[in-house]
Amino acid sequence: MKLSAKLEKAFNDQITLEFEASLVYRQLAIEVELLDLPGMAAWLRHQADEEIAHANKFIDHLLDRDNRPVIGDVPAFKSTAKTVLECFQAALEHEQRVSEAIRGLYRQTEQAGDLDSRPLLNWFLSEQLEEESTVNEIVGRIDLTNGDGPGLLRLDAELAGRPLRTTENA
Ligand code: FEO
């Protein structure tokens, strides 16, 4: 069933936010690469790609429902992070913002009695829980190193070797 114009706009806002998330991660990957932590940079870069896949899921949903996906203006992300800890804290803040947006979208569709979007939004609710938890754990572990070089390098190697997540196939 086709979404109302109001819900179509809400989904399009989410599409734009997912592209914004991708740019945030991509810039943070650059910042971390500049700090000589290529493993963590690769992890962030992979996240950037994953955000585009998220946007595509929403785009496909609108197309499936005979609505019109439109990618809005994506604001530039200006990183002020000076340390790797601040980079991952910025990533966490953005994930929290995305989670709140998904919850808002869920509430709007519920209010409208739109059952067709529920499986997609349930998937995103779980995805956000997982993403926030993962980034939060990385922030905590970076904090534990207290800027210690060998500790950071160990974590860098670990994140470089992390198997890619398979949520896109879920
Ligand atoms: Fe698509 Fe990381 O939220």
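Residues numbered from 1 in each chain as written. Predicted model: local features only at pLDDT ≥ 70, side-chain atom pairs only at ≥ 80, totals over all residues. Heavy atoms only, no water.

## Points about the pattern of salt bridges
One pass over the structure, following the stated rule, counts eight salt bridges. Members of the salt-bridge network, linked through shared partners, are Arg65, Asp114 and Asp116. (Salt bridge = Lys/Arg side-chain N within 4 Å of Asp/Glu carboxyl O.)

## Overview of the packing of aromatic side chains
Any two aromatic rings considered together are summarised by their centre-to-centre distance and by the angle between their planes. Counted by the stated rule, this structure contains four aromatic pairs. Arranged with centres 4.2 Å apart and planes meeting at 15°, the rings of Phe58 and Phe124 form a pair that is stacked. In this pair, Phe58 sits in helix H2 (residues 38–64) while Phe124 sits in helix H4 (residues 118–145), placing the two residues 66 residues apart along the sequence. On the basis of relative accessibility, which here comes to 0%, the residue Phe124 falls in the buried class. Here the aromatic rings of Trp123 and Phe124 are separated by 4.8 Å at their centres, their planes lie at 85°, and the arrangement is edge-to-face. The two residues Trp123 and Phe124 agree in class, both being buried. In textbook terms, an aromatic cluster arises when at least three aromatic residues are bridged by ring pairs, as seen for Phe11, Phe58, Trp123 and Phe124. (Phe/Tyr/Trp six-rings, centres within 6.5 Å; stacked < 30°, edge-to-face > 60°. Helix = DSSP H or I, 4+ residues; strand = E, 2+ residues; numbered from the N terminus. Buried < 20%, exposed > 50% of the residue type's maximum accessible area, 1.4 Å probe, protein only.)

## Regarding helix H5 (residues 149–160)
Spanning 12 residues, H5 covers 16 Å between terminal C-alpha atoms, matching the ideal 16 Å at 1.5 Å per step. Turning to H5, its buried residues number three or more, namely Gly151, Leu152, Leu155, Asp156 and Leu159. The buried residues of H5 occupy an angular sector of 140° when projected down its axis, which confines them to one face. Exposed positions of H5 whose direction lies more than 90 degrees from the buried face are Leu153, Arg154 and Ala157. On the buried face of H5, the contacting elements are H2, helix H3 (84–111) and H4. (Expected span 1.5 Å × (residues − 1). Arc of directions from axis to C-beta. Contact = heavy atoms within 4.5 Å.)

## A few points about unusual backbone geometry
Backbone geometry at Asp66 places phi at a positive 65°, although glycine is not the residue there. Residue placement: Asp66 occurs in the loop between H2 and H3. Relative accessible area serves as the criterion here: at 57%, Asp66 is assigned to the exposed category. Backbone geometry places Asn146, a non-glycine residue, at a positive phi of 55°.

## Some remarks on the packing of helix H1 (residues 5–34) against H3
Where H1 contacts H3, the two axes come as close as 10 Å, and the packing angle between them is 170°. On the basis of the axis angle, H1 is roughly antiparallel to H3. For the contact of H1 with H3, the class distribution of residues is 18 nonpolar, four polar and six charged. (Axes fitted to C-alpha atoms, helices over the stretch in contact; angles between N-to-C directions. Parallel < 35°, antiparallel > 145°, perpendicular 65-115°, else oblique. Nonpolar A, V, L, I, M, F, W, Y, C, P; charged D, E, K, R; others polar.)

## So, the environment of Gln128
When you line up the elements, Gln128 lands in helix H4. For Gln128, a relative accessible area of 3% gives the class buried. As for Gln128 and Ile102, which are separated by 26 residues in sequence, their C-alpha atoms are 8.4 Å apart. Those residues in contact with Gln128, other than ones at most four positions away along the chain, are Glu95, Val98, Ser99 and Ile102. Within the structure, Gln128 has its side chain in polar contact with the side chain of Ser99 (distance 3.0 Å). (Polar contact = N/O pair within 3.5 Å; in protein donor to acceptor, adjacent residues only side chain to side chain.)

## Notes on the confidence of the model for the protein chain
For the protein chain, the mean per-residue pLDDT works out to 94, and 95% of the residues sit at or above 70. Counted against residues more than four places away or in other chains, residues 166–170, with its pLDDT under 50, gives 11 contacts. (pLDDT = per-residue confidence, 0-100.)

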